[in-house]
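Results of the structural survey
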Amino acid sequence: MVHVYNCHPFSSQQIVQVEQEPGLICCGGGALFVVATGGCKVEAYDLEKEGCPLICRFATMGTVKSIQHSRMGDYLVTIEEKNCATYLRAYTNWRYQAEGKARVGVRLLGHLLRGASVRGGVQMEIIEIPLSQRPVAVACCPVTGDLLVGCENTLVLFTLRRQNQQSQNQSQQMVQSTWTNSQQRSSQSQGQIMDSNPNFLDFERSVILHLSQMNPKQVALCGEYVAVQGELEVLVVKLETSSEPTSLEESSDPKKTDHLEDPVDFQVLPIHQELLGDRAKECDIAVSVEKTSLEDSKGQYTLSYVLFRRFTPDFFQGCSVEETQLHSLQLYPLFTGNQSVSLQEPSCVFCFFSLPSAGYLYSLKGGVELLSAYQYPEKVLKAVLTDYLLHVITKSALQCFTVRCAAVAARIEDPYIDSTMKACPPCSMEVCALRIQLFIGLRSMCVYGHHVILLSAADAEATEDPERTTQRRGLSRKWTISSPKETSTAGHGWNLYVVDTVSPLTLYQEMVEYSQRYAETNPQAQSLRHLLSEAHLLLRTSLLQTSEQQRIIEGDSSLSLQTDTDGPAEKPAPVCADSTELEEAFKQNCAQLGDCFSRGSQRECHLALPYYRMSGLSVTELMARNRPLPGSPHAYGPGFLFYLKHYLFEETEQILSQEAADEVIDIFSQSEPSQLVSVCASPSLINISPAKTLQILQHLEDTAGVSVPLTTTMATMMLRLDDLPEYTRLMERHAEMVLVYGFIEEPRLLLHGGGGGQHAHIRPTALTRQLAKSQPGLLVAAVVALHENNKVQLEHADHIFKELDCENCLQVDFWEAMLMASSQETIIQELLFRVASVYIDRLTNTPLETHTNGPHTPLKRRPLKSADDLINSCSHYGALYPWLIVLNPAHTTSSQHQEALYKLQSLLCGPSLSVASIMPLMERLSDESLWGFSLHLLCATRRGQYDRSIEKLLDRCPQAIIAYANHHLQDNHMTLVVVAMETSPTEFLELMPDDGAVSYFLPHLLTCSQRHLLA
């Protein structure tokens, strides 16, 4: 389906004053080239100046049958006939004829002029390009300037070369070089006239493609893509260069691919086919590659099929075969602003071709896809694709259709454009047609920038086509037609028009004005959304072009302006508006599209979010745009509510005023009351009126029932009203574990921020601060639950406790609670090291006796868990070894000191703590005291140093040896031998346990006594 809108894309029209009737036209490089009917002369006119004055004229060597201009190298290529022979010629340095220089050099391909011809200065050259077959079609690559020639069964590719005068005098060998954009721009602006070291163009035949069962009618070339068009089929292949040797099949003898002769008894009609991507190789057209270049700089060629489309002639409509033939084949490149692979290679390549009744636009890179199918209301003679529009001509009208190139380019430039942050109309969106401009007897068309050049030749005796009259009557309600402009006063039956298109910004403004008709009658109309989407793509194309031009201004000579003549329209000409004005229009359009989707259906309402975000409007401004009128039956649309929920539920630093925050509460109380708890927890609504919100929440509780998050939200409002008794009553409604589940359901009741891992944005709520004072155990349990449910990271939780000024008490309680709950080994080892370092710090800094008010008063309150609690509930804390009872002081230190000691000893007695990780910290503890000695002895024992530990015990506390040996050593006999050798009989008797067997100890006591007597 084609939408039709009464927007006029044309701004002005002028007539080019030519002396003879034009037969062929083409344009490029800011010039219009006119070949007189049946003549051998080319005239060039300046399109960039008012009135299109004549630049120069020069004679050709034969009758021109086809002419093309290449922006790369600024040369012309023609197919000419003379004496019943067909020739292919290239005309270089044609601009020098404007200076009145009559010198023209004629040479063969590969043979540069020298001697007096070169010393005389730069002159126009005619390069004769010999071919083994008659040339049928020719095309120039808009990216590289290479030349593609279509013959009867072959395609010949010529590579553009250049050589300056200095190097030519030294050697006749051609050196391949890449044309930079700076040379392109200088050739266009200065015409390559004032060049102290001029360049000479030449071509080298590089490869021949042999085709079976296809006779080329038109060809196109863009980078590595080669397109060929027959009467009813189009084939696109990709010709890539590779340094690796290719198989013999790719460079096979073309005779092997010859097809069988067509039967003469009957006519076979081909079936309709569309083969995309790899499936295109299933077509019946075989292509073989024959490399002819003498140089191996490009290596081998690899050919792959990209697209094949075949049509079946429709004889049921009364059309002849000629009226159903394909035409207007184009390969159109498009560059984006963030090309990372190759700045010389286009980001997008499009293929367009047309039947008289329909046109087809395909995207080739990144997967072959049919973007648009254009249904024409009349028989189309020619079509030209540009960035903004598709221009087509019929016998009596110039028409414009929108294109989807910008939608493809936007997705290549930003692969994540279809997200909650950005959006773009889909590539598959239906196209629209703009107003028609009527002419008389249109024959041909070419496009350069914002100039559309039309050739008309009226036939005074011809009557209007009855078929077209019938079609016009049937479409009279759909198409708005402008009256034809007056023809030339010269009295002849032909005219050459230059029609200028309006700037994209002007066309956008007209589209917006036109869309107001739909907005006033039906704001949810599909046509309104479609028209604003078309305007959006216009602005995207302009911004893309502005970005490209900005790169050129900054000296980025790698990006090129992609254009071609009589094919893809060249783009130096469109005058882009100021980037600031374009960006403002783009934001305005995004807001309008957001308005459409905000009131749209549930299926597309989510698109309001990215468009509103791209508009740059604040949430207050968007609420004003979506506020229903007084007395209107319409409420807030689903798209606006979707946007508002994302705005409130995602972490943002934008805080609404009280008036705006209260309005948000009113919106959700009317539209989605179930979301009120999550809305109230948003950090953006910190300024809401607590009294008004309490009334709304109370009404919600009366209608929906009691829930833990709702109760906690109401308690938060009471806290903001400083009503602590009512706050306490609400919090006591539910048990602490039930409240924990409520916090898991809505974490923002406890903390705000956390987006992107930025600790500075993590902050506790007022409820969190109150819990830290009144219910610290509930707060710790809630934060642990949030961590275990992936609602908060460990670093974020630590930052919360630091914000609460509880890093030495509640934070340690949180770590201890995490050790009980967590099952992640990396987190466990990190927490074990943290709590061990805290215990060591407390043992180092806590006074042994009564607390003082010095700077090292460590704890503001008692820990939530004692050592015994941790031993009983956490597997990482082990029961204290029996021999530690002898070493531990009994009530000789402060309770805080003793608690830290027991917890550290329990960690060392447990299975999880890595002793090696805390050894540098243990150096801070002295072993002069018994409790310090016990810690160092535990570390030595964990490392398996039992003999050394027994020796230390004999020196410091021999009373603990037996208990130590019973717990850690399997061979107690060896322990008693060591003790008997190191102690006196009296000391040995003191070490004997009260419940031990005397017979077991007597031999060792005898050995000890004998050693003592001998000593």
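Thresholds applied
Residues numbered from 1 in each chain as written. Predicted model: local features only at pLDDT ≥ 70, side-chain atom pairs only at ≥ 80, totals over all residues. Heavy atoms only, no water. Buried < 20%, exposed > 50% of the residue type's maximum accessible area, 1.4 Å probe, protein only. Helix = DSSP H or I, 4+ residues; strand = E, 2+ residues; numbered from the N terminus. Pairing = 2+ DSSP bridges. Core = buried A, V, L, I, M, F, W, Y, C linked by side-chain atoms within 4.5 Å. Contact = heavy atoms within 4.5 Å. Axes fitted to C-alpha atoms, helices over the stretch in contact; angles between N-to-C directions. Salt bridge = Lys/Arg side-chain N within 4 Å of Asp/Glu carboxyl O. Phe/Tyr/Trp six-rings, centres within 6.5 Å; stacked < 30°, edge-to-face > 60°. Lys NZ or Arg CZ within 6 Å of the ring centre and 35° of its normal. Left-handed = near helix turned anticlockwise from the far one by under 90°. Disulfide = S-S within 2.5 Å. Patch = residues over 30% accessible without salt bridge, like charges linked within 9 Å, V, L, I, M, F, W, Y side chains within 5 Å. Areas by Shrake-Rupley, 256 points an atom, 1.4 Å probe, with all protein chains shown as cover. Lys, Arg positive; Asp, Glu negative; His and termini not counted. Charge placed at Lys NZ, Arg CZ, Asp CG, Glu CD. pLDDT = per-residue confidence, 0-100.

Overview of the pairing of strand β23 (residues 348-354)
Among the 7 residues in β23, 7 count as buried, and that is most of the element. What you see with β23 is no split at all: Cys348, Phe350, Phe352 and Ser354 on one side and Val349, Cys351 and Phe353 on the other are buried throughout. One ladder, built from 6 bridges, connects strand β22 (residues 327-334) with β23; its direction is antiparallel. In the strand pairing of β23, Tyr332 is matched with Phe350. Bridge count between β23 and strand β24 (residues 358-363): 5 bridges; the pairing is antiparallel. Its bridge partner lying in β24, Phe353 is registered against Tyr360.

Considering the nonpolar core
Grouped burial of nonpolar side chains is what soluble globular proteins tend to show. Ranked by size, the top nonpolar core spans 162 residues in total, and within it Leu454 and Phe814 carry the most contacts. Top contributing element to this core by residue count: helix α22 (residues 825-845), with 10 residues. Excluding residues within four positions of it along the chain, Leu454 makes contact with Ile393, Leu398, Phe439, Leu442, Ser444, Met445, Asn495, Leu496, Tyr497 and Val499.

Some details on the sheet that holds strand β5 (residues 41-46)
Strands sit in the order β3-β4-β5-β6 across an open sheet of 4 strands; the sheet is antiparallel. The two strands at the open ends of the sheet, each matched to only one other strand, are β3 (22-28) and β6 (54-59). The average undirected angle you get between the axes of adjacent strands in this sheet is 20°.

Details of helix α17 (residues 736-745)
Taken residue by residue, α17 has Leu739, Val740, Gly742, Phe743 and Ile744 as its buried positions. Turning to α17, the residues buried within the fold contact α15 (708-720), α16 (724-731), α18 (766-774) and α19 (776-788).

Details of the pattern of salt bridges
Considering all chains together, one arrives at 31 salt bridges under this definition. The residue Arg95 makes a salt bridge to Asp74 at a minimum N-O spacing of 2.6 Å. Note that Arg95 is positioned in the loop between β9 (85-92) and β10 (104-108) and Asp74 in the loop between β7 (63-70) and β8 (75-82), a separation of 21 residues in sequence. Accessibility expressed as a relative area gives 9% for Arg95, which makes it buried. Residue Asp798 pairs with Arg834 through a salt bridge whose shortest N-O separation is 2.5 Å. With Asp798 in helix α20 (residues 794-803) and Arg834 in helix α22, the pair connects residues that are 36 residues apart, well separated along the chain.

Comments concerning the packing of aromatic side chains
Counting across every chain of the model gives 19 aromatic pairs. Of the aromatic side chains, those joined through ring pairs into one cluster are Tyr612, Tyr636, Phe640, Tyr643 and Tyr647. Arg89 extends its terminal NZ or CZ atom over the ring of Tyr87, reaching a point 4.5 Å from the ring centre. Its guanidinium or amino end placed over the ring of Phe933, Arg956 lies 4.9 Å from that ring's centre, counting from NZ or CZ.

Focus: the packing of α22 against helix α25 (residues 895-909)
Put simply, α22 and α25 touch, their axes get as near as 9 Å, and they point 145° apart. The two elements α22 and α25 meet at a crossing, and its hand is left-handed. Of the residues in α25, those in contact with Leu832, Val835, Ala836, Tyr839, Ile840, Arg842 and Leu843 of α22 are His897, Ala900, Leu901, Lys903, Leu904 and Leu907.

Topic: the state of the cysteines
The full count for this structure, using the stated rule, is 0 disulfides. Cysteine Cys222 remains unbridged, with the sulfur of Cys141 as its closest cysteine sulfur at 5.3 Å.

Things to note about the sheet that holds β23
The strand order β22-β23-β24-β25 describes an open sheet built from 4 strands, whose pairing is antiparallel. Edge positions in the sheet fall to β22 and β25 (369-375), since each of these pairs with one other strand and no more. In this sheet, neighbouring strand axes are inclined to one another by 15° on average, regardless of whether the strands run parallel or antiparallel. Alignment of β24 against β25, held across 6 bridges, turns out to be antiparallel. Opposite Ala358, over in β25, you have Gln375 as the bridge partner. On top of the sheet, helix α4 (residues 405-413) reaches β22, β23, β24 and β25; it is set at about 160° to β23, its chief contact.

Details of α20
For the α-helix, the turn length of 3.6 residues means that residues three or four positions removed from each other point alike. Summarising burial for α20: 7 of the 10 residues are buried, a large majority. Within α20, burial applies to Leu794, His796, Ala797, Asp798, His799, Ile800 and Phe801.

A closer look at a negative patch on the surface
On the surface, a cluster of negative charge is made up of Asp578, Glu581, Glu583 and Glu584. Note that Glu583 resides in helix α8 (residues 579-598). Residue classification places Glu583 among the partly exposed residues on the basis of a relative accessible area of 42%.

Re the confidence of the model for the protein
Low pLDDT marks regions whose predicted coordinates should not be analysed in detail. Taken over all residues, the pLDDT of the protein has a mean of 81, while the share at 70 or more is 76%. Every residue in residues 166-197 scores below 50 in pLDDT, and together they form 61 contacts with partners more than four places removed in sequence or on other chains. Segment residues 571-577 is flagged for pLDDT under 50; beyond a separation of four residues in sequence, or across chains, it makes 30 contacts in the model.

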